[in-house]
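Structural characterization, general
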There are 2 protein chains.
Amino acid sequence: MFVKNRVKIRTRLYSHMHVFYQPDITLPFITLSEEESKHCVRVLRLQNGDKIFLADGNGKLATAQITDNHPKKCVLQIVSVEQFLREESSGRQYYLHIMIAPTKNMERVEWFIEKATEVGIDEITFIETENSERNKVNMDRCLKIAISAMKQSKQWYLPKINELKSLKEIIQQPPTGAKYVAWCQADKTQLFSNMLDKQEKYFTVLIGPEGDFTTQEINACLQSGFVPVSFGATILRTETAALYGVMAIKALHS
Amino acid sequence: MFVKNRVKIRTRLYSHMHVFYQPDITLPFITLSEEESKHCVRVLRLQNGDKIFLADGNGKLATAQITDNHPKKCVLQIVSVEQFLREESSGRQYYLHIMIAPTKNMERVEWFIEKATEVGIDEITFIETENSERNKVNMDRCLKIAISAMKQSKQWYLPKINELKSLKEIIQQPPTGAKYVAWCQADKTQLFSNMLDKQEKYFTVLIGPEGDFTTQEINACLQSGFVPVSFGATILRTETAALYGVMAIKALHS
């Protein structure tokens, strides 16, 4: 309860303060990256003496005061530092890992990263399957999108985004906790909402490519402990299915 | 059960057939619109004798054969017509109406329309509030997006999309069924997932602008029977909150 209240107070208090991403927060002074400096000084036109937040993406939130508003290397002095627990930051009591086959049109996956981060996700792994339409992902771009969504939604943990991995590797070393694989053949599976183990705290959901998993892939998933689930009667795009996994768990687990 | 099975069979059988939108399906011949003709003949290069589906967006699905593959006015002969119930088409047992303040960047609302249609929504109304950032919406574009999402997700009902309406009007004539208003002040509200009436079959969810509703607006909503709900501790963008409403109900009501 303490956790939830603190989160609620935080979101209300902090919702009008500017947040910047700073992977390592060192005392007493910080120099922002060129990009963040530009945003701080040129875009937001913040002045010396103005206060901002620095988030390290790992639960640390610092209040800092601008001491030199240089447009390329803005210098800040740390005023105070607070460390949030993952549960405090997200308001969630579970860890969620989505494994997704990236779509041909990368914008769709990028949209998923933004939305999933806003709603709450801890880890994303890109997977390579037989019917995959893409075997290359721009990780820097994915990270940027996650950072901006983290800041925008006022959370202090950045989801871990993993490089492309083959489904075979994942099946050989399956994650712990509850594992689900979204399968388009709705008549052969139960609804996700009925299958979700609400007592579990670690969830992994596998989302296939537009062309779905092959029967061999599905069988291999089942053998390594993934539970096949249906996301309903309508046909969802890959990124929509992935986000449904995120939002359905949030709705069902709270 | 019969309904669900039929939906499951349909989605499997029809998932590889081309679907075209044809608001009024007349026997025995149909001439596609210029846009749909172009898509059919130029893009998909379909020939005379090829079969396609025609959906009227109101549950009617016709199988038709191309008799004249004219690139601007393609002519088809209706082979058979089937009428689906709303529940068969959507696999849902409820009616969902989302009322949303359109975002400054229209792409975000358009994205919501696409995703909500895929997952399942019956009606969308754009609302004008005190903090609204937009008071004009391109309805033709919204309709196009809904049509394409309806076809892509293999559903035969098109959501009804209503013109911009002031929140005052809505409050004066509130919809029937369960009414919820998403309120950013998480500490003053209960979680949506705990407040949802799972026995209800008609749902309306009000989603405010980025700047949230004013206190007066919220009070007026409460007086006209809307239940204030929280979508969790993290701050969601307007279109993310609206989609969470759609996906959370789908997860909780099945």
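Residues numbered from 1 in each chain as written. Chains lettered and ligands numbered in written order. Predicted model: local features only at pLDDT ≥ 70, side-chain atom pairs only at ≥ 80, totals over all residues. Heavy atoms only, no water.

Among the surface-exposed residues, A:Lys38, A:Arg42, A:Arg45, A:Lys72 and A:Lys73 lie close enough to one another that they form a single positively charged patch. Within the element layout of this structure, A:Lys73 appears in the loop between β4 (60–68) and β5 (75–83). (Patch = residues over 30% accessible without salt bridge, like charges linked within 9 Å, V, L, I, M, F, W, Y side chains within 5 Å. Areas by Shrake-Rupley, 256 points an atom, 1.4 Å probe, with all protein chains shown as cover. Salt bridge = Lys/Arg side-chain N within 4 Å of Asp/Glu carboxyl O. Lys, Arg positive; Asp, Glu negative; His and termini not counted. Charge placed at Lys NZ, Arg CZ, Asp CG, Glu CD. Helix = DSSP H or I, 4+ residues; strand = E, 2+ residues; numbered from the N terminus.)

Every contact between the two is made by 43 residues of chain A and, on the other side, 42 residues of chain B. Summing both partners gives a buried area of about 3500 Å² for chain A against chain B, and 60% of it is carried by carbon and sulfur. Summed over the three residues of chain A that lose the most area to chain B, namely A:Thr234, A:Ile235 and A:Met247, the buried surface amounts to 17% of that side. Put simply, chain A and chain B have eight salt bridges between them. Between B:Arg108 and A:Glu114 there is a salt bridge whose closest N-O contact spans 3.0 Å. In terms of residue count, helix α9 (residues 238–253) of chain A provides more of the side of chain A that touches chain B than any other element does, nine residues in total. Residue classes in the side of chain A that touches chain B are distributed as 15 nonpolar, 15 polar and 13 charged. (Contact = heavy atoms within 4.5 Å. Buried area = accessible area lost by both parts, 1.4 Å probe. Nonpolar A, V, L, I, M, F, W, Y, C, P; charged D, E, K, R; others polar.)

Right, let's get into the domain arrangement of chain A. Residue and element names in this part refer to chain A. The domain architecture assigned to chain A consists of domain 1 (2–88) and domain 2 (92–252). Taken together, the 21 residues of domain 1 in the interface contact 13 residues of domain 2. Overall, the association of domain 1 and domain 2 removes approximately 1500 Å² of surface from exposure, summing both partners, and the carbon and sulfur fraction of that is 60%. For domain 1, the biggest contributors to the area lost against domain 2 are Val19, Tyr21 and Arg86; these three give 38% of the whole. For the pair domain 1 and domain 2, the interface holds two salt bridges. A salt bridge links arginine 86 to aspartate 122; the shortest N-O distance between them is 2.8 Å. Where domain 1 meets domain 2, there are seven residue pairs in polar contact (both at pLDDT 80 or more). Those elements giving two or more residues to the side of domain 1 that touches domain 2 turn out to be α1 (2–14), β1 (19–21), α2 (34–43), β4 and α3 (86–90). Considering each element in turn, the side of domain 1 that touches domain 2 owes the most residues, three residues, to β1. Here the side of domain 1 that touches domain 2 is composed, by residue class, of nine nonpolar, five polar and seven charged. (Domains from an automatic or database assignment. Polar contact = N/O pair within 3.5 Å; in protein donor to acceptor, adjacent residues only side chain to side chain.)

All names here are of chain A. Here helix α5 (residues 139–152) spans 20 Å end to end across 14 residues, near enough to the 20 Å set by a 1.5 Å rise per residue. Looking only at α5, the buried set comprises Met139, Cys142, Ile145, Ala146, Ile147, Ala149, Met150 and Lys151. Packing partners of the buried residues in α5 comprise β1, α2, β3 (51–55), α4 (106–119), β7 (123–128) and β8 (160–166). The backbone nitrogen of aspartate 140 lies 3.1 Å from a side-chain oxygen of the residue at the head of α5, namely asparagine 138. The positive-phi residue at the C-terminal boundary of α5 is lysine 154, with phi of around 55°. (Expected span 1.5 Å × (residues − 1). Buried < 20%, exposed > 50% of the residue type's maximum accessible area, 1.4 Å probe, protein only.)

Residue and element names in this part refer to chain A. Counting through the fold element by element, arginine 92 comes out in the loop between α3 and β6 (95–100). On the basis of relative accessibility, which here comes to 5%, the residue arginine 92 falls in the buried class. Separated by 2.9 Å, the side chains of arginine 92 and aspartate 122 make a polar contact. With near-sequence residues (within four places) excluded, arginine 92 lies in contact with Glu87, Val119, Gly120, Ile121 and Asp122.

Turning our eyes to something else, we now look at the pattern of salt bridges. Oppositely charged side chains may form a pair once their charged atoms are brought near each other. Throughout the structure, instances matching the rule amount to 24 salt bridges over all chains. Of the charged contacts, one joins B:Asp122 and B:Arg92 as a salt bridge, the two residues approaching to 2.9 Å between their closest N and O atoms. Residue B:Asp122 is found in the loop between α4 (106–119) and β7 (123–128), and its partner B:Arg92 is found in the loop between α3 (86–90) and β6 (95–100); the two are separated by 30 residues along the sequence. A relative accessible area of 2% places B:Asp122 in the buried class. Shared partners join several salt bridges into a network, and the residues in it are A:Arg108, A:Arg237, A:Glu239, B:Glu114, B:Lys115 and B:Glu118.

Within the largest apolar cluster, 102 residues are counted, with the highest numbers of intra-cluster contacts made by A:Phe112 and B:Phe112. Here B:Phe112 is in contact with B:Ile98, B:Ile100, B:Ile121, B:Ile124, B:Glu239, B:Ala242, B:Leu243 and B:Val246, once residues within four sequence places are set aside. (Core = buried A, V, L, I, M, F, W, Y, C linked by side-chain atoms within 4.5 Å.)

Residues and elements named next belong to chain B. Across three bridges, the pairing between strand β2 (residues 29–31) and strand β5 (residues 75–83) is antiparallel. If you follow isoleucine 30 over to β5, its bridge partner there is leucine 76. Sheet topology places strand β4 (residues 60–68) next to β5; eight bridges connect them, and they run antiparallel. By the bridge assignment, aspartate 68 is partnered in β5 with valine 75. Between β4 and the antiparallel strand that follows it, β5, lie six residues. (Pairing = 2+ DSSP bridges.)

A few words on the environment of B:Thr31. Residues and elements named next belong to chain B. You can see threonine 31 is positioned in strand β2. For the pair threonine 31 and proline 175, spaced 144 residues apart in sequence, the C-alpha to C-alpha distance is 38 Å. Look past the residues within four positions of threonine 31 in its chain and what remains in contact with it is Gln22, Lys73, Cys74 and Val75.

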